[in-house]
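Chain residues, written in single-letter form:
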Amino acid sequence: MPGFELFDQREIDALADVINRKMVHRYSFNDSRGGIYRVEEFERAVADHVGARHCLAVSSGSASLYVAMKACGIGPGDEIITSPFTFIASIEAILECGAVPVLAEIDESLNLDPESVKPLINERTKAVMPVHMFGSAADMDAFGRLCADYGLALFEDSCQAMGATFRGRSAGTFGLWGTYSLDPYKIITVGEGGLIVTDDEELYRRMEYYHDHGHIHDKTIDRGAEGKHCLGFNFRMSELQGALGLVQLTKLEGALAALRGHKRAILEAVADLGLAYRVHADPEGDSATQIVFLLPDEASARRFQKASKEVGVGCGNLSDNTWHYARHWQTLRDGALYSRTRCPYDCPYVEAMPEYRPVEWPRTHAVLSRTAVYGLSIAMMEEQIGKIVKAIRAGTAAL
Ligand SMILES: Cc1ncc(COP(=O)(O)O)c(C=O)c1O
């Protein structure tokens with residue numbers, strides 16, 4: 001899965017170039033940098049690649065969600081409906097804004113179920129945020145309709161889905177904004193980094209100001225003389241990451257082709273077994289970073305998992321996944337924040353704070369507990385593919 005598998009001399013050269021020029025700040029030093037702005041180049045290349053008007057690079061995928069929400073003015077009293085099956089950063093970004101994450105249910109796509117969102121919408125709801133889990137897009141037709149019908153903003157946590165598409169269009173480009181993570185586990189990586197894409201010029205400006213202390217960037221004057229549009233913070237990407245990102249981006253389509261090829265080879269080799277898979281809203285657009293089987297019930301999924309392990313290849317049951325399943329997040333239930341004021345937990349603006357109890361997502365649990373997931377890597381060899389096929393056969397024999 002991760003882009004670091006593809007690191008080679010080109011990344012080394014790109015980094016060495018930034019270091020040799022001693023130019024690591026994405027802004028500033030306008031007179032002496034010879035017109036070279038790697039982060040800016042990277043932003044333009046990403047926007048063109050995914051088909052968005054604007055892209056802002058930031059310091060992480062978590063920061064991308066936070067900056068985007070702050071620029072939309074999300075704050076105490078607001079509610080955002082999202083998925084209980086995601087990385088906790090999706091939830092933390094909402095909490096950091098002082099707003100309430102309302103967690104609906106997933107369906108067999110492992111993504112947010114639009115039908116489960118509807119009963120949770122009220123006058124405090126500001127946005128719906130599907131998360132394109134494991135690089136497979138949620139049904140963006142359904143979410144587009146839902147948000148239009150209810151007059152809500154559509155946000156996309158596409159942090160796991162760079163390169164994935166829905167009906168030929170990039171995940172992340174359907175909503176008001178979408179985000180990508182470039183952390184070490186992602187299909188392309190710069191070590192740590194994030195990207196926000198949007199077609200909304202005004203919103204892009206607000207994000208750009210906010211992510212750099214409110215600076216109104218102007219290459220014709222000294223950075224210290226720039227005006228400020230708002231109070232903000234520092235979520236800047238450095239030129240080192242920008243240079244790395246430019247190289248990694250050229251490898252994205254190759255990585256996708258490799259992953260999709262591995263997935264196809266595995267599924268073709270086990271086609272005779274008649275196993276059910278995770279539902280893809282658009283199978284063509286899946287970035288194929290994982291293969292998820294949906295077994296008849298939890299007991300059979302556990303038998304499958306055990307048999308797979310016995311022949312030497314472990315697979316996961318997603319209900320055990322502490323990274324991605326809200327059932328396991330004690331800190332969320334406890335409201336374990338350090339700050340003296342604790343919006344949204346005890347907050348005068350919040351009318352209904354969910355308890356986030358493990359029992360709250362019965363349909364999500366029913367789906368996750370009958371999964372068997374295998375992670376794929378870009379540089380997988382035929383031998384590894386053969387081992388996974390053998391393990392799937394062993395798992396199926398134990399059902
Ligand atoms: C769905 C989702 N959202 C947000 C993030 C946060 O990205 P980062 O690790 O770059 O902060 C991740 C990272 O794994 C993620 O999977």
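Here's what I pulled together on the structure shown here.

For the rest of this paragraph, the subject is the sheet that holds strand β2 (residues 79-82). Here we have seven strands laid out as an open sheet, ordered β1-β9-β8-β5-β4-β2-β3, and mixed in their pairing. Looking at which strands have only one partner, the edges of the open sheet turn out to be β1 (54-58) and β3 (100-103). The sheet shows a mean angle of 25° between the axes of neighbouring strands, direction not considered. As paired elements, β2 and β3 share four bridges and run parallel to each other. When the bridges of β3 are listed, I80 appears paired with P101. Helix-sheet contacts for helix α6 (residues 140-150) involve β4 (125-128) and β5 (153-156), and the interaxial angle to β5 is about 150°.

Here we take up the sheet that holds strand β10 (residues 276-277). By way of backbone hydrogen bonds, the strands of a sheet pair with one another, either parallel or antiparallel. Read from one edge to the other, the open sheet built from three strands follows the order β10-β11-β12, with strand pairing classed as antiparallel. Among the strands making up the open sheet, the edge pair consists of β10 and β12 (371-375). Bridge count for β10 against strand β11 (residues 290-294) is two bridges, and the pairing is antiparallel. Across the sheet, residue A276 finds its bridge partner in β11, namely L294.

Under the counting rule described, the total for this entry stands at 31 salt bridges. Linking K118 and E115 is a salt bridge whose minimum nitrogen-to-oxygen distance equals 3.1 Å. Under the relative-accessibility criterion, K118 is labelled partly exposed at 32%. In this structure, the salt-bridge partner of R167 is D141, at a minimum N-O distance of 2.9 Å. Within this pair, whereas R167 is found in the loop between β6 (165-166) and β7 (169-170), its partner D141 is found in helix α6, the two being separated by 26 residues in sequence. Accessibility expressed as a relative area gives 32% for D141, which makes it partly exposed. Linked through salt bridges whose partners overlap, the residues forming this network are D17, R21, R38 and E41.

Applying the stated criterion across every chain yields a total of one disulfide. Here C343 connects covalently by a disulfide to C347, the sulfurs 2.1 Å from one another. Taking the sign of the S-S torsion, about 70° here, the bridge from C343 to C347 comes out right-handed. According to the relative accessible area criterion, C343 is partly exposed, its value standing at 22%. Unpaired in terms of disulfides, C159 finds its nearest cysteine sulfur in C55, a separation of 12 Å. You can see C230 has no disulfide; the closest cysteine sulfur is in C72, sitting 13 Å from it.

Summarising the element assignment, L246 is placed in helix α8 (residues 239-249). In the structure, L246 is positioned 202 residues away from R44 in sequence and 9.9 Å away in space, judged by C-alpha atoms. Aside from chain neighbours lying at most four places away, what touches L246 is R38, E41, F42 and A45.

Here the idea is plain: a probe the size of a water molecule rolls over the atoms and shows the empty space left. Taken as a whole, the largest pocket encloses approximately 620 Å³ of empty space. Along its surface, the largest pocket is lined by 29 residues, and Q160, Y185, K186, W323 and H324 are the ones closest to its centre. For the lining of the largest pocket, the secondary-structure elements that each account for two or more residues are α3 (61-71) and α4 (88-96). Element by element, the count of residues in the lining of the largest pocket is highest for α3, at three residues. Estimated volume of the second largest pocket: approximately 350 Å³. R26, Y27, E40, E208 and H217 are the residues nearest the centre of the second largest pocket, which is lined by 21 residues in total. Within the residue set of the lining of the second largest pocket, elements represented by two or more residues are α2 (38-50), β1 and α7 (201-210).

What follows deals with the site of the ligand. The local shell around the ligand holds 16 residues, among which G61, S62, S181, D183 and K186 are the closest. Contacts to the ligand include G61, whose backbone N or O atom sits 2.8 Å from an oxygen atom. Surface burial for the ligand is 93%, taken as the share of its 390 Å² of free accessible area covered by protein chains. At the level of elements, α3 and α4 are the ones that each hand at least two residues to the shell around the ligand. In terms of residue count, the dominant contributor to the shell around the ligand is α3 (three residues). Class assignment of the residues belonging to the shell around the ligand gives a composition of five nonpolar, eight polar and three charged.

Across the five residues that make up β11, a large majority, five, are buried. Neither face of β11 is open: one carries Q290, V292 and L294, the other I291 and F293, and all of them are buried. The sheet contact formed by β11 and β12 spans five bridges and is antiparallel. Counterpart to I291 in the pairing with β12 is Y374.

Definitions and cut-offs
Residues numbered from 1 in each chain as written. Predicted model: local features only at pLDDT ≥ 70, side-chain atom pairs only at ≥ 80, totals over all residues. Heavy atoms only, no water. Pairing = 2+ DSSP bridges. Helix = DSSP H or I, 4+ residues; strand = E, 2+ residues; numbered from the N terminus. Axes fitted to C-alpha atoms, helices over the stretch in contact; angles between N-to-C directions. Contact = heavy atoms within 4.5 Å. Salt bridge = Lys/Arg side-chain N within 4 Å of Asp/Glu carboxyl O. Buried < 20%, exposed > 50% of the residue type's maximum accessible area, 1.4 Å probe, protein only. Disulfide = S-S within 2.5 Å. 1 Å grid on protein atoms, 1.4 Å probe; cavity = no way out; pocket = protein on both sides within 12 Å on 5 of 7 lines; lining within 4 Å. Points joined across faces, edges and corners; volume = space filled by probe spheres on them. Near = heavy atom within 4 Å. Polar contact = N/O pair within 3.5 Å; in protein donor to acceptor, adjacent residues only side chain to side chain. Areas by Shrake-Rupley, 256 points an atom, 1.4 Å probe, with all protein chains shown as cover. Nonpolar A, V, L, I, M, F, W, Y, C, P; charged D, E, K, R; others polar.

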